[in-house]
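# Structural features, examined
Below are the chains, spelled out letter by letter.
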Amino acid sequence: MDKNRIDIKNIPVKVETYTPEQPNHAKYASRDRIYVRSVKGLHQSLRRNMGFVFMALFMLLPWIQYNGSQAILLNIGEQKFNIFALTLWPQDFTILAWIFVIAAYALFFITAFYGRVWCGYLCPQSVWTFIFMWFEEKIQGSRNQRMTLDQAPWSVSKFAKKALTHFCWLAFALLTSLIFVGYFTPVGPLFLDFFTFQAGFWAVISVLFFTACTYGNAGWMREIMCTHICPYARFQSAMFDKDTFTVTYDEKRGEQRGPRSRKDKDYKEKGLGDCIDCNLCVHVCPTGIDIRNGLQYECINCGACIDACDDTMAKMGYPPGLISYTTEHSLNGKPTRILRPKLVGYFVILLVVCAAFATNLYLRKPLELDIIRDRGALYRETPEGLIENTYTLSIINKSQHANSYQLAVSGVKDLTWIGPTEVTIAGGESLNVPVSLALDPYSASKPVMDIEFSVTELSDKGYSVTQGNKFFAGR
């Protein structure tokens with residue numbers, strides 16, 4: 001009998017079963033921590049540069065001033081959103097709705113064309129996660145050093161590195177939270193009041209809440225957000241087809257995997273493919289998948305595995321592209337169709353919603369009028385024997401400049417206007433103007449008559465809005 005042969009018949013097998021008395025957590029495997037290895041290359045340089053640009057925009061936009069006030073201020077308390085020269089009110093909800101619809105179809109179009117690149121390059125979850133991993137790498141070292149550190153017993157050095165890492169995470173999360181809340185409240189006073197302990201209750205709660213969310217998502221949950229919580233990962237496959245560019249492993253070229261020397265030029269004669277099974281594509285993946293197993297919903301198309309594989313191919317003297325952005329048709333030797341019904345359909349719908357948004361924005365008048373009747377009585381008789389109706393004109397100046405407006409009414413002859421006929425309203429403000437209309441009862445043609453209030457801007461543009469109402473004559 002061969003001494004090196006193991007007789008499996010004599011090896012005892014331990015079979016474990018779970019009983020209801022055992023704790024529930026024993027039934028599930030614990031989550032394996034992913035240690036991401038850093039990698040350099042074209043796609044990672046592009047991702048870092050794009051992340052830096054958009055992060056800089058996020059950090060700087062709240063500090064930009066326009067016409068003496070914060071350029072972008074989404075003031076929920078006052079129910080108005082200032083975006084440079086544009087002020088949006090609750091009545092302009094359709095404009096915000098069109099923006100979300102445009103973003104959705106733009107995402108569908110990009111996904112159908114180039115896969116899940118939004119997730120890998122611009123998604124805030126990915127951007128903040130990569131920033132937190134950068135802190136971790138700079139403080140705790142490379143992938144192997146971090147693994148060794150976690151396996152080592154606690155010491156002063158380990159505690160110091162861990163504490164500094166979490167301090168940097170919390171500090172960056174706090175900065176992120178303050179900037180984010182600064183989009184909804186004046187950012188300058190927010191920073192000053194927060195660090196001098198004079199900020200309001202809801203401001204403090206908001207900052208602390210978003211700090212905890214950022215710290216938890218980017219520091220601890222990381223890939224869980226992409227693989228289990230984000231709904232986009234689940235329905236993205238419905239937008240993919242055989243002509244969608246995704247991060248793909250060329251199985252025909254790479255298999256059979258196996259290590260070999262750089263000088264081994266006869267590896268193909270041994271039945272080996274170009275993949276040397278170095279597993280670098282797995283080590284650099286932020287979601288911990290092996291792209292060689294095929295397309296997986298966890299893949300965020302960040303291209304890290306492409307850069308790692310191309311670097312290995314260059315060292316081995318092989319052509320790049322074993323892992324690349326390619327299509328299923330291309331891998332099978334068929335031409336890739338760029339212009340196809342699904343992609344064209346998404347693009348056409350995107351153009352339509354963009355046109356609808358532009359039209360809605362162009363036709364928008366920076367003036368809003370609402371008529372509120374006196375709820376105490378439909379009408380009253382004056383000592384002079386006239387019939388009087390009372391109204392409140394709620395006028396909103398949606399522009400960011402003070403304007404004067406002319407008030408008028410039409411629809412019934414011989415109406416007497418009681419109240420101001422001209423008002424001035426500051427930019428981005430509203431004004432309630434109480435007015436009364438009086439009429440000789442013998443001039444009334446019927447008990448209830450239609451009237452129309454108008455508010456006209458006294459400027460070169462002369463914007464005007466009208467709204468109908470009722471005048472009750474009482475006889």
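About the cut-offs
- Residues numbered from 1 in each chain as written.
- Predicted model: local features only at pLDDT ≥ 70, side-chain atom pairs only at ≥ 80, totals over all residues.
- Heavy atoms only, no water.
- Helix = DSSP H or I, 4+ residues; strand = E, 2+ residues; numbered from the N terminus.
- Pairing = 2+ DSSP bridges.
- pLDDT = per-residue confidence, 0-100.
- Contact = heavy atoms within 4.5 Å.
- Axes fitted to C-alpha atoms, helices over the stretch in contact; angles between N-to-C directions.
- Parallel < 35°, antiparallel > 145°, perpendicular 65-115°, else oblique.
- Nonpolar A, V, L, I, M, F, W, Y, C, P; charged D, E, K, R; others polar.
- Buried < 20%, exposed > 50% of the residue type's maximum accessible area, 1.4 Å probe, protein only.
- Arc of directions from axis to C-beta.
- Salt bridge = Lys/Arg side-chain N within 4 Å of Asp/Glu carboxyl O.

The next subject is the environment of Gly-385. With respect to the helices and strands, Gly-385 occurs in the loop between β9 (380-381) and β10 (387-397). Sequence separation of Gly-385 and Leu-295 is 90 residues, and the distance between their C-alpha atoms is 84 Å.

Moving on, we come to the pairing of strand β14 (residues 430-439). Judged from the 10 bridges that link them, β10 and β14 form a sheet pairing that is antiparallel. Looking at the pairing, Asn-389 lines up with Leu-437 of β14.

A few words now on the confidence of the model for the chain. Residues of the chain with pLDDT of at least 70 account for 93%, and the chain-wide mean is 89. The lowest-confidence element of the chain is helix α10 (residues 232-235), averaging 78 in pLDDT; the highest-confidence one is helix α6 (residues 156-181), averaging 97. Confidence over residues 1-29 falls short of pLDDT 50; this stretch has 5 contacts with residues more than four positions distant or in other chains.

On to the packing of helix α1 (residues 42-60) against helix α4 (residues 124-140). Running from N to C, α1 and α4 cross one another at 105°; their axes reach a closest spacing of 11 Å. Judged by the angle between their axes, α1 and α4 are roughly perpendicular. Contacts between α1 and α4 involve Arg-47, Met-55 and Phe-58 from the first element and Val-127, Trp-128, Phe-130 and Ile-131 from the second. For the contact of α1 with α4, the residue count by class is 6 nonpolar, no polar and 1 charged.

Every buried residue of helix α5 (residues 143-151) is accounted for by Arg-143, Arg-146 and Leu-149. Relative to the axis of α5, the buried residues are bounded by an arc of 125° and lie together on one face. Opposite its buried face, α5 presents the exposed residues Asn-144, Thr-148 and Gln-151, each directed more than 90 degrees away. Those residues of α5 that are buried lie in contact with α4, α6 and α12 (280-283).

We now examine the pattern of salt bridges. For the coordinates displayed, the defined rule picks out 21 salt bridges. The partner of Arg-222 in a salt bridge is Glu-136, with the nearest N and O atoms 3.3 Å apart. Highlighted residues: Arg-222 in the loop between α8 (201-221) and α9 (223-229) and Glu-136 in helix α4, separated in sequence by 86 residues. Its relative accessible area of 9% is what places Arg-222 among the buried residues. We note a salt bridge from Asp-241 to Arg-340, for which the minimum N-O separation is 2.8 Å. Residue Asp-241 is located in the loop between α10 and β6 (246-249), and its partner Arg-340 is located in the loop between α14 (328-331) and α15 (341-363); the two are separated by 99 residues in the primary sequence. Beyond isolated ion pairs, a larger network of salt bridges with shared partners links Arg-33, Glu-136, Arg-146, Asp-150, Lys-162 and Arg-222.

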